[in-house]
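So you can see what is in the structure, the chains are spelled out below.
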Amino acid sequence: MLGAVAGDIIGSVYEVNPIKTKQFPLFHPLCRYTDDTVLSLAVAKALMEDRDYARCLRELGRLYPGAGYGAAFFKWLNSSNPRPYGSWGNGAAMRVSPVGMAFQTEKEVLQEAARTAAVTHDHPEGIKGAQATALAVWLARTTQDKELIRKEISCRFGYDLGRRLDDIRPLYSFDVSCQGTVPEALISFLESDSWEDSVRNAVSLGGDSDTLACIAGAVAEAYYGLPPRPVLQKVKKILTQELWEILWSFYHQFSPALATELGDTDD
């Protein structure tokens with residue numbers, strides 16, 4: 001999940017100023033965490049408590065009103081009687097990575113991923129995007145087999161993961177749909193040789209860069225391990241104390257060995 005948060009922060013400055021190259025400063029001076037981070041941590045908080053995803057999304061989301069939510073989600077966030085609004089947007093996929101870390105079976109991952117999405121993004125494409133992302137994280141963590149990930153996600157969800165980034169990049173543009181984001185983010189991981197390379201691949205597509213990098217970074221962490229220590233240190237400085245504590249607590253509960261690494265991160 002820290003890979004998702006770091007990807008979000010790195011990609012944040014390129015969402016409105018897209019680039020088509022992998023050559024960029026990893027942490028731009030203006031980079032920040034966005035709604036991708038806040039809502040991923042809200043899902044993590046729900047998993048540590050009572051799995052009431054709607055409650056945790058609303059509670060944490062309201063504490064960070066300037067995180068950059070989409071208009072429909074922002075309305076849901078502040079509604080007195082929130083209901084799912086049929087979204088197929090990539091918000092369902094960008095917040096789901098904790099599910100891929102927290103559960104031990106494919107069935108559990110798919111069920112819980114659908115539940116995290118359905119409180120807002122109850123369109124079939126929204127559900128599918130969340131399930132595909134969570135399953136990719138789980139498969140990366142449990143199998144360490146990129147070709148199996150490619151095959152399983154392609155066959156189950158119908159995403160074309162046989163394309164190459166060099167073919168996608170020239171014509172790719174900003175796309176907020178799950179179907180136009182999740183496959184590209186997963187290909188960014190599949191073509192990578194490290195966590196950082198995965199995130200650079202995602203940003204270089206020139207689309208919804210923070211969400212692409214958030215998804216790619218989550219799967220890459222599950223496959224390669226935690227991002228490098230300088231990345232962890234930078235993320236800790238950028239996050240609020242509250243957000244960092246949620247992150248650390250999640251690792252402490254679901255991946256204690258990694259929590260020790262985070263606990264040793266210098267200020």
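Residues numbered from 1 in each chain as written. Predicted model: local features only at pLDDT ≥ 70, side-chain atom pairs only at ≥ 80, totals over all residues. Heavy atoms only, no water.

K.L.:
Honestly, the overall build of the protein in this entry has me stumped. Any pointers?
P.N.:
Counting its secondary structure elements, the protein contains 16 helices and zero strands. For 267 residues, the compact-globule formula gives about 18 Å, and the C-alpha radius of gyration of the protein, at 16 Å, lands near that figure. Within the span of the protein, comprising 267 residues, buried residues form 58% of the whole. When contacts within the protein are restricted to residue pairs at least 6 apart in sequence, long-range pairs at least 24 apart make up 72% of them. Carbon and sulfur atoms make up 51% of the accessible area of the protein, which amounts to about 10,600 Å² in all. Side chains of the protein carry 27 positive and 34 negative charges; the gap between the two charge centres is 3 Å. (Helix = DSSP H or I, 4+ residues; strand = E, 2+ residues; numbered from the N terminus. Rg over C-alpha atoms; globule rule 2.2 N^0.38 Å. Buried < 20%, exposed > 50% of the residue type's maximum accessible area, 1.4 Å probe, protein only. Contact = heavy atoms within 4.5 Å. Areas by Shrake-Rupley, 256 points an atom, 1.4 Å probe, with all protein chains shown as cover. Lys, Arg positive; Asp, Glu negative; His and termini not counted. Charge placed at Lys NZ, Arg CZ, Asp CG, Glu CD.)

K.L.:
What exactly am I supposed to notice about the pattern of salt bridges here?
P.N.:
Side chains bearing opposite charge may pair, as long as their charged atoms lie close to each other. Counting across every chain of the model gives 15 salt bridges. The salt bridge partner of glutamate 112 is arginine 51, with a shortest N-O separation of 3.3 Å. Within this pair, whereas glutamate 112 is found in helix α7 (residues 106–118), its partner arginine 51 is found in the loop between α2 (35–48) and α3 (53–63), the two being separated by 61 residues in sequence. Here arginine 51 falls in the partly exposed class, since its relative accessible area comes to 35%. The residue arginine 163 makes a salt bridge to aspartate 160 at a minimum N-O spacing of 3.9 Å. A relative accessible area of 27% means that arginine 163 is categorised as partly exposed. Within this structure, Lys45, Glu49, Asp50, Arg55 and Glu59 form a network of salt bridges that share partners. (Salt bridge = Lys/Arg side-chain N within 4 Å of Asp/Glu carboxyl O.)

K.L.:
Would you mind showing me how to read the environment of phenylalanine 73 here?
P.N.:
Mapped onto the elements, phenylalanine 73 comes out in helix α4 (residues 71–77). Not counting residues up to four positions away in its chain, the partners in contact with phenylalanine 73 are Leu39, Tyr85, Arg95 and Thr120.

K.L.:
Which parts of the structure should I look at to understand a nonpolar patch on the surface?
P.N.:
Together, Trp88, Phe174 and Val176 line one region of the surface with nonpolar side chains, adding up to about 280 Å² of accessible area. Relative to the elements of secondary structure, phenylalanine 174 occurs in the loop between α10 (165–168) and α11 (182–190). (Patch = residues over 30% accessible without salt bridge, like charges linked within 9 Å, V, L, I, M, F, W, Y side chains within 5 Å.)

K.L.:
For this particular structure, what's the right way to read the environment of tyrosine 64?
P.N.:
Here tyrosine 64 shows up in the loop between α3 and α4. C-alpha of tyrosine 64 to C-alpha of valine 38: the two residues are 26 residues apart in sequence and 7.5 Å apart in space. If we skip the residues at most four places from it in the chain, tyrosine 64 touches Tyr33, Val38, Tyr69, Thr240, Glu242 and Leu243.

K.L.:
Just checking my understanding: could you explain the packing of aromatic side chains for this structure?
P.N.:
Aromatic ring pairs are defined here through the distance separating the ring centres and the angle between the ring planes. All chains considered together, the criterion is met by eleven aromatic pairs. Measuring from ring centre to ring centre gives 5.3 Å for phenylalanine 73 and tryptophan 76, while their planes differ by 35°; the resulting arrangement is tilted. Remark: tryptophan 76 and phenylalanine 73 occur in helix α4; sequence separation between them is three residues, near one turn of the helix. No difference in accessibility class separates phenylalanine 73 from tryptophan 76, as the two residues are buried. Each ring, one from phenylalanine 189 and one from tyrosine 224, has its centre 6.2 Å from the other, and the planes form 70°; the classification is edge-to-face. Separated by 35 residues along the polypeptide, phenylalanine 189 in helix α11 and tyrosine 224 in helix α13 (residues 209–224) bring together distant segments of the chain. On the basis of relative accessible area, tyrosine 224 is assigned to the partly exposed category, the value being 30%. Through successive ring pairs, a cluster of aromatic residues spans Tyr69, Phe73, Phe74 and Trp76. (Phe/Tyr/Trp six-rings, centres within 6.5 Å; stacked < 30°, edge-to-face > 60°.)

K.L.:
So what exactly am I meant to see when it comes to α13 here?
P.N.:
Side chains three or four residues apart in an α-helix point the same way, a direct result of the helix having 3.6 residues per turn. Its 16 residues place the ends of α13 21 Å apart at the C-alpha level, agreeing with the 22 Å of an ideal helix rising 1.5 Å per residue. Of all 16 residues in α13, 14 are buried; the element is thus mostly enclosed. Positive backbone phi, approximately 100°, marks glycine 225, located one or two places after α13. (Expected span 1.5 Å × (residues − 1).)

The values are spatial; any link to function lies outside them.
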